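Examining the three-dimensional arrangement
What follows is the residue order along each chain.
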Amino acid sequence: MKQVKNVSEVFHWESQRQKGCYFEARSVVEVIKSDVVIVGSGIAGLRAAIEAARASNSRLEISIVTKVQAMRSHSVSAEGGTAAVLYPELGDSFESHIFDTVKGSDYLADQDAVERFVLAMPSEIYQLEHWGMPWSRREDGRIAQRWFGGYSYPRATFAEDKVGFFEMQTLYDTATKYDSIKFYQEWFATSIVKYQNKFVGVTALDIKKGDFAFFKAKAGIIATGGSGRLYSFATYGYSATPDGMHMAYKAGIPLKDMEFIQFHPSGMVPSGILITEAARGEGGILLNKEGERFMKRYAPEKLELASRDVVSRAIITEIEQGRGFKDEASGLEYVHLDLTGIGEKKIKERLNGIREIALKFRGIDIISEPVPVRPVCHYVMGGIDVNIDGATSIAGLWAAGEAACVSINGANRLGANSTAECLVWGKITGELAARYATEKQHEQTPWEDVMMEEKRIFDGILHGSGSVNPYEIRDNLQREMDANAYVFRTGDGLLHALKRIREMKKQDFRHCEDKSRRYNTNLKDVLEVEGMLEVAEVVLLSALTRTESRGAHARRDYPNRDDKNWLKHTLAFRTEEGPKLDYKPVVITKYQPAERHY
Ligand SMILES: Cc1cc2nc3c(=O)[nH]c(=O)nc-3n(C[C@H](O)[C@H](O)[C@H](O)COP(=O)(O)OP(=O)(O)OC[C@H]3O[C@@H](n4cnc5c(N)ncnc54)[C@H](O)[C@@H]3O)c2cc1C
């Protein structure tokens, strides 16, 4: 390891200047100091930053570190809606939203968290409205809502079928009004630094220049989104890798309920691009090869608007029983999503985004033709273990959004509840982090840890050598996950994939072909693959160990839910030998587990 030449000089600089530099023979560790550092600029990260700025009257300095340009964060692709109870006078109720969410979660959600979430949501919708969000409107001018799967009331609030784009634009515009919020775009965070289990900051790599920095802060929030790119057939952008989860896991925070991965029923074949659930909410139907509306056999009441886990299992069952179609080019089997009954006017008003997508990527006009769809990896119910306030086990560190597991989604998330969760826990964590940063001093920096991280990246990976292509590892990992941890799972398949992932972990892939510093995406990609392997191992081990079927985790060898043994959250702790599993109870306040019918 390189010697830290003059530690006192670094401390001296820190106390003298906001920004100090520590120079070494080959690299520079820049110290970027602020009060709160937020990793991630999706809906959760931006909402947190705004709240931290508001709660502190702009007295705190807030850094947002994000590996893509802020408006390219994955949240921009959210399509269909954000759930909230807006119209109790027309028949909706908090009770109903809470119950639908708990039932949708297959009773694994923590019910106190769900209640807090549901009660907080309406004001988030109005807050966004006040910041300029162009919600779609009803005929009478009030905010419009539509049906989504698993709900008893049409409570998905929407802006055409581009809800994520408009929410991001609204939050980004609002965040840029605060001078105290500073964006570090295309900076890749690599590790969480702590001292005596208190948060001290994060290390990050400036992708543009290749510089390495230590973002020192009193409080931190991890809002790095989901990890859907563990799969190749996914609705996620290529940047959706589990970096933040991996950073937390390495820092000693457990990952919770990682076996629960959501497969959305309607990924367009062959690309996997999402056709929003709003398409079914607006009247779209699913048909098999025989032209049969098959959902009537699986969910006689809710049909296509049953919860996602139920609809996805139905589609795969139809395909397996020979009633699917086959895409000859990709070999993928599918069913039809038929939107022709919705009508041109409504499609153009409310589903224009997916009409464009189907036209551009498949040459299909949804006004007159069905779309080929099959279940696609879409969301991760699990994540960084946090309490109801979004606090992790490290003092001064919170997590929010898809990266975190509070848990309101349990074993299966209802559509439109994720953007909503990002808003609610973005606000909660932003406020708490600001309060903490106002009361506390900066912690002492464990420089050895910072320098070890610098050495790992520059000596180990950038200047390292190896015989195995990291991109092959990424492809092989995704192939194993697609094949063995999809809608239906078996013990044999999960074990096979786990063994393969463990072999890959040992392989010599941690090196770069590209040795340059500027825009070295090769280096970023290798860092991502490292995290993907470790998090995939957690997913597979958690899934293999959970010998029951619950929500999105459907085991063919254990087809029933087993509340006696498995009504509990999985916690995976990192050890040198691999993940070590433990469990904690589910919070049940009102709704005792019951059999689900849709
Ligand atoms: C196609 C699609 C449609 C969807 N539609 C809906 C919908 O209609 N309604 C709904 O409720 N939900 C929807 N979802 C789910 C929802 O959009 C996401 O769960 C949510 O937007 C996640 O937001 P986030 O803020 O947690 O993270 P993201 O928006 O994913 O942002 C993650 C951020 O972390 C940053 N980051 C990650 N790793 C690093 C690193 N190492 N260093 C620095 N920065 C890092 C990224 O740059 C990014 O800014 C949809 C999901 C998909 C894929």
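Everything quoted here is computed from the prediction, not taken from an experiment. Within each chain, residues carry numbers counting from 1 in the order of the written sequence. Owing to the predicted nature of the model, reporting of local features is limited to residues with pLDDT of at least 70; listing and counting of side-chain atom pairs is limited to 80 or more, with chain, interface and lining totals taken over all residues. Calculated side-chain values reflect all of the structure's heavy atoms, with hydrogen atoms and water omitted.

**Structural notes on the packing of aromatic side chains**
- Note on ring pairs: Phe, Tyr and Trp rings are taken, using the six-membered ring of Trp, and paired if centres are within 6.5 Å. Classes follow the plane angle, with under 30 degrees stacked, over 60 edge-to-face and the rest tilted. The final tally for this structure, using the stated rule, is 15 aromatic pairs.
- Here the aromatic rings of Trp 566 and Tyr 583 are separated by 5.4 Å at their centres, their planes lie at 75°, and the arrangement is edge-to-face. Here Trp 566, found in helix α17 (residues 563-566), pairs with Tyr 583, found in strand β25 (residues 578-585); they are 17 residues apart in sequence, far enough to count as distant.
- Through successive ring pairs, a cluster of aromatic residues spans Tyr 184, Trp 187 and Phe 215.
- Positioned over the ring face of Phe 158 is Arg 146, at 3.8 Å from the centre of the ring.
- In this analysis the charged atom, NZ for Lys or CZ for Arg, is taken to sit over a ring once it is within 6 Å of the ring centre and within 35 degrees of the ring normal. Stacked on the ring of Tyr 583, the Lys or Arg Lys 568 has its end atom at 4.6 Å from the ring centre. We count a stretch as a helix when DSSP gives it H or I for four or more residues in a row; a strand needs E for two or more, and each element gets its number in order from the N terminus.

**Here's the deal with the domain arrangement of the protein chain**
- According to the domain assignment, the protein chain consists of domain 1 (269-378) and domain 2 (449-585).
- Between domain 1 and domain 2, the C-alpha centre-to-centre distance is 30 Å.
- In what follows, residue pairs with any heavy atoms lying within 4.5 Å of each other are defined as contacts. Each side of the interface is counted separately: domain 1 has eight residues, and domain 2 has seven residues.
- Note on definitions: salt bridges are taken to be side-chain nitrogens of Lys or Arg within 4 Å of carboxyl oxygens of Asp or Glu. Arg 556 is paired through a salt bridge with Glu 320; the nearest N and O atoms lie 2.6 Å apart.
- Any N or O atom pair separated by 3.5 Å or less is treated as a polar contact, with the protein-specific requirement of one donor-capable and one acceptor-capable atom, and with residues adjacent in sequence counted only for side-chain atom pairs. Applying the counting rule to domain 1 against domain 2 returns four residue pairs in polar contact (both at pLDDT 80 or more).
- Contributions of two or more residues to the side of domain 1 that touches domain 2 are made by α9 (308-320) and β18 (371-380).
- It is α9 that provides the largest number of residues to the side of domain 1 that touches domain 2, a total of six residues.
- Residue type decides the class: Asp, Glu, Lys and Arg count as charged, Ala, Val, Leu, Ile, Met, Phe, Trp, Tyr, Cys and Pro as nonpolar, and the leftover types, Gly among them, as polar. Considered class by class, the residues forming the side of domain 1 that touches domain 2 number two nonpolar, two polar and four charged. Segment limits for the domains were obtained from an automatic or database-derived domain assignment.

**Things to note about the packing of helix α13 (residues 447-462) against helix α16 (residues 521-545)**
- All axes are obtained by fitting lines to C-alpha atoms, using only the stretch in contact for helices, and the reported angles, taken between N-to-C directions, cover 0 to 180 degrees. Closest axis-to-axis distance for the α13/α16 pair is 11 Å, and the angle between their directions is 105°. Judged by the inter-axis angle, α13 sits roughly perpendicular to α16. Here Arg 456, Ile 457, Ile 461 and Leu 462 of α13 come into contact with α16, specifically with Leu 523, Val 526, Leu 527 and Glu 530.
- Each residue belonging to the contact of α13 with α16 can be placed in one class, and the counts come to six nonpolar, no polar and two charged. Oblique is the label for every angle not falling under 35 degrees (roughly parallel), over 145 degrees (roughly antiparallel), or within 65 to 115 degrees (roughly perpendicular).

**Examining the nonpolar core**
- By size, the foremost hydrophobic cluster in this structure holds 134 residues, and its most contacted members are Ile 192, Phe 215 and Ile 384.
- Looking at which element gives the most residues to this core, the answer is helix α12 (residues 417-439), with 11 residues.
- Leaving out residues up to four positions away in the same chain, Ile 192 has contacts with Phe 199, Gly 201, Val 202, Ile 222, Met 247, Ala 248, Ala 251, Ile 394 and Leu 397.
- Nine residue types can take part in a nonpolar core, namely buried Ala, Val, Leu, Ile, Met, Phe, Trp, Tyr and Cys, and a core is a set of them joined through side-chain atoms within 4.5 Å. Working definition: with a 1.4 Å probe on protein chains only, accessible area under 20% of the residue-type maximum means buried, over 50% means exposed, and in between means partly exposed. Counting 34 residues, the second-largest nonpolar core is a separate cluster that includes Ile 275, Phe 294, Val 311 and Leu 414.

**Let's talk about the pairing of β18**
- Most of β18 is tucked away, with 10 of its 10 residues classed as buried.
- Being paired, for any two strands, means DSSP has found at least two bridges between them. Pairing between strand β14 (residues 261-268) and β18: six bridges, direction antiparallel. Residue pairing in the sheet places Met 268 in a bridge with Val 373 of β18.
- Sheet topology places strand β17 (residues 333-338) next to β18; three bridges connect them, and they run antiparallel. Counterpart to Leu 337 in the pairing with β18 is Val 371.

**What about the site of the ligand?**
- Consider each residue's heavy atoms; a residue with any of them within 4 Å of a molecule or strand counts as near. Close to the ligand lie 38 residues; Ser 73, Ser 75, Glu 402, Ser 418 and Thr 419 are nearest.
- One of the backbone N or O atoms of Val 68 is found 3.4 Å from an oxygen atom in the ligand.
- Glu 79 places a main-chain nitrogen or oxygen 3.1 Å from a nitrogen atom of the ligand.
- About the coverage of the ligand: the protein hides 98% of its 1,000 Å² of free accessible area.
- Looking at the shell around the ligand, the elements with two or more residues in it are α2 (43-55), β4 (62-66), β9 (187-195), β18 and α12.
- Counting residues per element, the shell around the ligand draws most heavily on α12, at four residues.
- Looking at the shell around the ligand, its residues break down into 15 nonpolar, 18 polar and five charged. Throughout, the Shrake-Rupley method with a 1.4 Å probe supplies accessible areas, and for residues the shown protein chains are the sole cover considered.

**Some thoughts on α9**
- Given the number of residues in a helix, its expected span is that number minus one, multiplied by 1.5 Å. Taking 1.5 Å of rise per residue, 13 residues should cover 18 Å, and α9 covers 18 Å from first to last C-alpha, within 8% of that figure.
- Most of α9 sits out of view: 12 of its 13 residues are buried.
- Within α9 the residues assigned to the buried category are Arg 308, Asp 309, Val 310, Val 311, Ser 312, Arg 313, Ala 314, Ile 315, Ile 316, Thr 317, Glu 318 and Ile 319.
- Just downstream of α9 lies Gly 322, where phi reads positive at about 85°.

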